[in-house]
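Topology and contacts: notes
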Amino acid sequence: LALELTYRCPLKCSWCSNPLDFEDYAALELSTDEWRRVMREARALGSLQVGFTGGEPLQRKDLEELVAYAEEIGLYSNLITSGVGLSEERLIALKQVGLKQIQLSMQSTEAALTDELVGAKAHLLKLEAARLIKAHGFPMVLNMPVGRQNITQVGAMIDYAAGLGAEYLELANLQYYNWALINREELMPSLEQVRAAEAVVQDKRAQLGKKMAIYY
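Figured I'd write up the structure that's included with this text. (Residues numbered from 1 in each chain as written. Predicted model: local features only at pLDDT ≥ 70, side-chain atom pairs only at ≥ 80, totals over all residues. Heavy atoms only, no water.)

**Section: unusual backbone geometry**
Rule in force here: Per the convention used, a helix needs a DSSP run of H or I reaching at least four residues, while a strand needs a run of E reaching at least two, with both numbered from the N terminus.
Of note, the amide linkage connecting G54 to G55 takes the cis form, showing an omega dihedral of 15 degrees. Mapped onto the fold, G55 is located in the loop between β2 (49-53) and α2 (63-72). A positive phi angle, near 50 degrees, is found at N178, a position not held by glycine. Tracing the backbone through its elements, the reader meets N178 in helix α7 (residues 178-182).

Rendered as structure tokens:
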């Protein structure tokens, strides 16, 4: 079960499906009790795991309450985040109420390219979030949205993720709908780039073995 808690987000990624006027949607967000009902009904249908996403789920002040309720009804919980706004204090609070795993997005190994792709000074914040996540014992999925601007960094990102201690790396080729579809001329890699990246992934899988799972 994936819960898109909010459209609010501090980033401006050109492939995101968020509306540009997402502040106008704030009043339409489900309440804490409504999200509890969604989780309860999904659990009754057989859901075993819940991912809290957005937008940026850390923008919700009731995130800890929702994680706690997921734990109460037996849902394994995962936070899907940009890392922006993930302080150590909040990370500890989330762990105390039962958060089990964190997926952190990282767009590049280079600060300038990350910041350009997300439209904000975010690279150093993401690195600090990764450090905190591992320091507090969470399993971490590092997620790299792959497009034309960063696909040649796939090999470097695999090494980067392994160095950060990630258990999983998801190299997520962009899905071309909404803003990604509108911006596809800017974003879509060539077939040659895709084939080269796949070859790099296979080589790195052979090198790393079971040290880190790579999804591509």
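**So, the packing of aromatic side chains**
Going by this rule: In summary, the pairing rule links any two rings of Phe, Tyr or Trp, Trp by its six-membered ring, whose centres are within 6.5 Å, and it sorts them by plane angle into stacked for under 30 degrees, edge-to-face for over 60 and tilted for everything else. Residue exposure (1.4 Å probe, protein chains only): buried if accessible area is under 20% of the type maximum, exposed if over 50%, otherwise partly exposed. Throughout this description, the term charge over a ring refers to an Arg CZ or Lys NZ atom that lies within 6 Å of the ring centre and within 35 degrees of the ring normal.
Following the criterion strictly, the structure yields 1 aromatic pair and no others. Here Y168 and Y215 contribute two aromatic rings whose centre-to-centre distance is 6.2 Å and whose plane-to-plane angle is 10 degrees, an arrangement assigned as stacked. Highlighted residues: Y168 in strand β6 (residues 168-173) and Y215 in strand β7 (residues 213-215), separated in sequence by 47 residues. The class of Y215 is partly exposed, set by a relative accessible area of 45%. One Lys or Arg, R36, reaches over the ring of Y69 and ends 5.9 Å from the middle of that ring. Taking NZ or CZ as reference, K95 lies 5.4 Å from the ring centre of F138, over its face.

**Considering the nonpolar core**
This is how it is decided: Only buried residues count toward a nonpolar core. Its members are Ala, Val, Leu, Ile, Met, Phe, Trp, Tyr and Cys residues joined through side-chain atoms within 4.5 Å. Here a residue-residue contact requires only that any non-hydrogen atoms of the pair lie within 4.5 Å.
Counting 45 residues, the largest nonpolar core has M39, F52, I158, L171 and M212 as the members making the most contacts within it. Discounting chain neighbours no more than four positions away, the residues touching I158 are L169, L171, V201, K204, L208, M212 and I214. In this structure, L11, W15, L117 and A122 belong to the second largest nonpolar core, which totals 11 residues.

Remember that the coordinates give geometry; whether it matters functionally is a separate question.
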